[in-house]
Amino acid sequence: MLIVMANHATHEQIDRVVKVIEEMGYTARPMPGEQRTAIGLVGNDGRVDSSRIEGLSGVAEVIHVTKPYKQVSREWKNENTIVTIAPGVSFGGTEIQIIAGPCSVESEQQIVASALAVRAGGATALRGGAFKPRSSPYSFQGLGKKGLEMLALARRETGLPIVTEALDEEGANLVAEYADCIQIGARSMQNYPLLRAVGRLKKPVLLKRGMAATIVDLLMSAEYILAEGNDQVILCERGIRSFDTMARNLFDLTAIPLVQKLSHLPMIADPSHGTGLRDKVTPMGRAAIAAGADGILVEVHPNPDRALSDGGQSLFPDQFAQLVQEIRAIANAIGRTVAATPGTAPIQVG
Ligand code: PEP
Ligand code: MN
């Protein structure tokens, strides 16, 4: 439930509403706005009797949020949430962000070379897994803490903020010490204790859609993070399982405008895992931006043939640079711009 206060509501009237909500056994989330304050009521799993609140002075309107993903929904908050992972790297505004880098951090030399290559190609953030959720326990599992240290070195060398995955609560605390944004991968999308843990960490979170998750499942998982008080969540379409094995996954482009209609959170897309095929990454990356994505996440490796994971879907650096060029033109056509690589001047198109 959302309580919208009148324009002229006083602090005392707002405090009174908060107190009544708490007396009713719920949690109050005041949200001061430019015009007026709204107060969110959380902690209910069903319709709340609003009669006691409607009668309080200063209350203009009581809105019953009908969606189960309350705080994530546009009913709760109509304007886009802007998620800032580093100065100048914000998701959800008119600027498009490009997260790029290898699937896994493999060595200091590999991650620094990757970071320099994606930076030269126009990336605005660096990705690379230090903790890898592999389908086989015998596959490369990542370098763990050493990998995080290598990412931090690559950030120092290039100025690019880091996006990297956490697999469990303990790992999330460690990742939060190094990363600018914590990735929750497809396999962890419904790991509720992990979602709660990153909700408490107050670091931006990149939440990827599970491979068998509906859009509502994705939004409900995001709700877990917001319910802990962290609204810095970026959602990501990365393909779902289908009956057709021609591509690694079915890259669900429709999810982009669907999520943007239902939620105020930024929505990006990952055409690398979405297709699993190097030569399909560029067309689908272009398509994601044309469909309105707030950014893309793309795997790039300086030497994909030697990659320890996902080499077959990783772009060569020159292919990546070409993709960013094309995305600039598409962004221009739809009234958006690709953000400048941190520390550089914006590139003009057209
Ligand atoms: C990744 O980003 O490398 C990854 C493992 O992605 P997903 O969770 O989407 O499979
Ligand atoms: Mn990967």
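All of the points below concern the structure found in this document. Every value quoted in this text rests on a predicted model; they were computed, and no experiment measured them.

## With respect to the coordination of the manganese ion (ligand 2)
Reference values for angles at a metal are 109.5 degrees in the four-donor tetrahedral case and 90 or 180 degrees in the six-donor octahedral case. Those protein atoms acting as donors to the manganese ion (ligand 2) are Cys 103 (SG), His 273 (NE2), Glu 299 (OE) and Asp 310 (OD), and they sit at 2.1 to 2.4 Å. Ordering the donors of the manganese ion (ligand 2) by residue number gives the pattern C-x169-H-x25-E-x10-D. Linking Cys 103 in the loop between β7 (95-101) and α3 (108-121) with Asp 310 in the loop between β14 (295-299) and α11 (317-333), this pair joins segments that are 207 residues apart in sequence. Like Cys 103, the residue Asp 310 is buried in the burial classification.

## Some thoughts on the pairing of strand β11 (residues 205-208)
Judged by which residues are buried, β11 turns out to be covered on both faces: Val 205 and Leu 207 on one side and Leu 206 and Lys 208 on the other are all buried. For the segment spanning strand β10 (residues 181-184), helix α6 (residues 192-201) and β11, crossover handedness is right-handed. Of the pairings in the sheet, the one linking β11 to strand β12 (residues 233-237) comprises four bridges and is parallel in character. Its bridge partner lying in β12, Lys 208 is registered against Cys 236. Read as a crossover between parallel neighbours, the route from β11 over helix α7 (residues 215-227) to β12 is right-handed.

## A word on the environment of Val 112
Tracing the backbone through its elements, the reader meets Val 112 in helix α3. Considering only alpha carbons, one finds Val 112 and Ala 152, 40 residues apart in sequence, at a separation of 9.8 Å. For Val 112, the contacting residues outside a window of four places in its chain are Leu 153, Ala 154 and Glu 157.

## Considerations on the site of ligand 1
By nearness alone, 13 residues border ligand 1, and Arg 127, Gln 183, Ala 186, Lys 208 and Arg 238 come closest of all. At 2.7 Å from an oxygen atom of ligand 1 is found a main-chain nitrogen or oxygen belonging to Ala 186. About the coverage of ligand 1: the protein hides 97% of its 290 Å² of free accessible area. Residues that form the shell around ligand 1 fall into these classes: three nonpolar, three polar and seven charged.

## Considering the nonpolar core
Ranked by size, the top nonpolar core spans 67 residues in total, and within it Leu 207, Leu 235, Val 298 and Phe 320 carry the most contacts. Residues in contact with Leu 207, not counting those within four places in the same chain, are Ile 184, Met 189, Leu 195, Leu 218, Ser 221, Ala 222, Ile 225, Val 233, Ile 234, Leu 235 and Cys 236. Met 1, Ala 9, Ile 14 and Val 48 belong to the second largest nonpolar core, which has 17 residues in total.

## Focus on the sheet that holds strand β3 (residues 38-42)
What the four strands build is an open sheet, ordered β2-β3-β1-β4; its pairing is antiparallel. Looking at strand neighbours, the two that pair on one side only are β2 (27-31) and β4 (59-63), the edges of this open sheet. Averaged over all pairs of adjacent strands, the angle between strand axes in this sheet comes to 20 degrees, irrespective of strand direction. Of the strand pairs in this sheet, strand β1 (residues 2-5) and β4 are connected by four bridges, and their pairing is antiparallel. Its bridge partner being in β4, Met 5 is matched across the sheet by Val 59.

## Considering helix α1 (residues 11-23)
With 13 residues, α1 should reach 18 Å at 1.5 Å per residue; the first-to-last C-alpha distance of 18 Å fits that figure. Packed against the buried residues of α1 are β1, β2, β3, α2 (51-54) and β4. Count one or two residues on from α1 and you reach Gly 25, which has phi positive near 95 degrees.

## Quick look at the packing of aromatic side chains
A full pass over the atoms with the stated rule returns one aromatic pair. Each ring, one from Tyr 192 and one from Tyr 224, has its centre 4.4 Å from the other, and the planes form 25 degrees; the classification is stacked. On the criterion of sequence distance, the pair formed by Tyr 192 in helix α6 and Tyr 224 in helix α7 is long-range, its members being 32 residues apart.

## A closer look at the pairing of β2
Strand direction decides the pairing type here: β2 and β3, joined by five bridges, are antiparallel. The residue bridging Ala 28 from the neighbouring strand is Leu 41, located in β3. Adjacent in sequence and paired antiparallel, β2 and β3 are bridged by six residues.

What counts and how
- Residues numbered from 1 in each chain as written.
- Chains lettered and ligands numbered in written order.
- Predicted model: local features only at pLDDT ≥ 70, side-chain atom pairs only at ≥ 80, totals over all residues.
- Heavy atoms only, no water.
- Donors = N, O, S within 2.8 Å, 3.2 Å for Na, K, Ca; no water.
- Helix = DSSP H or I, 4+ residues; strand = E, 2+ residues; numbered from the N terminus.
- Buried < 20%, exposed > 50% of the residue type's maximum accessible area, 1.4 Å probe, protein only.
- Right-handed = clockwise from strand over helix to strand, strands pointing away.
- Pairing = 2+ DSSP bridges.
- Contact = heavy atoms within 4.5 Å.
- Near = heavy atom within 4 Å.
- Polar contact = N/O pair within 3.5 Å; in protein donor to acceptor, adjacent residues only side chain to side chain.
- Areas by Shrake-Rupley, 256 points an atom, 1.4 Å probe, with all protein chains shown as cover.
- Nonpolar A, V, L, I, M, F, W, Y, C, P; charged D, E, K, R; others polar.
- Core = buried A, V, L, I, M, F, W, Y, C linked by side-chain atoms within 4.5 Å.
- Axes fitted to C-alpha atoms, helices over the stretch in contact; angles between N-to-C directions.
- Expected span 1.5 Å × (residues − 1).
- Phe/Tyr/Trp six-rings, centres within 6.5 Å; stacked < 30°, edge-to-face > 60°.

The quantities given are spatial measurements derived from coordinates; they are silent on function.
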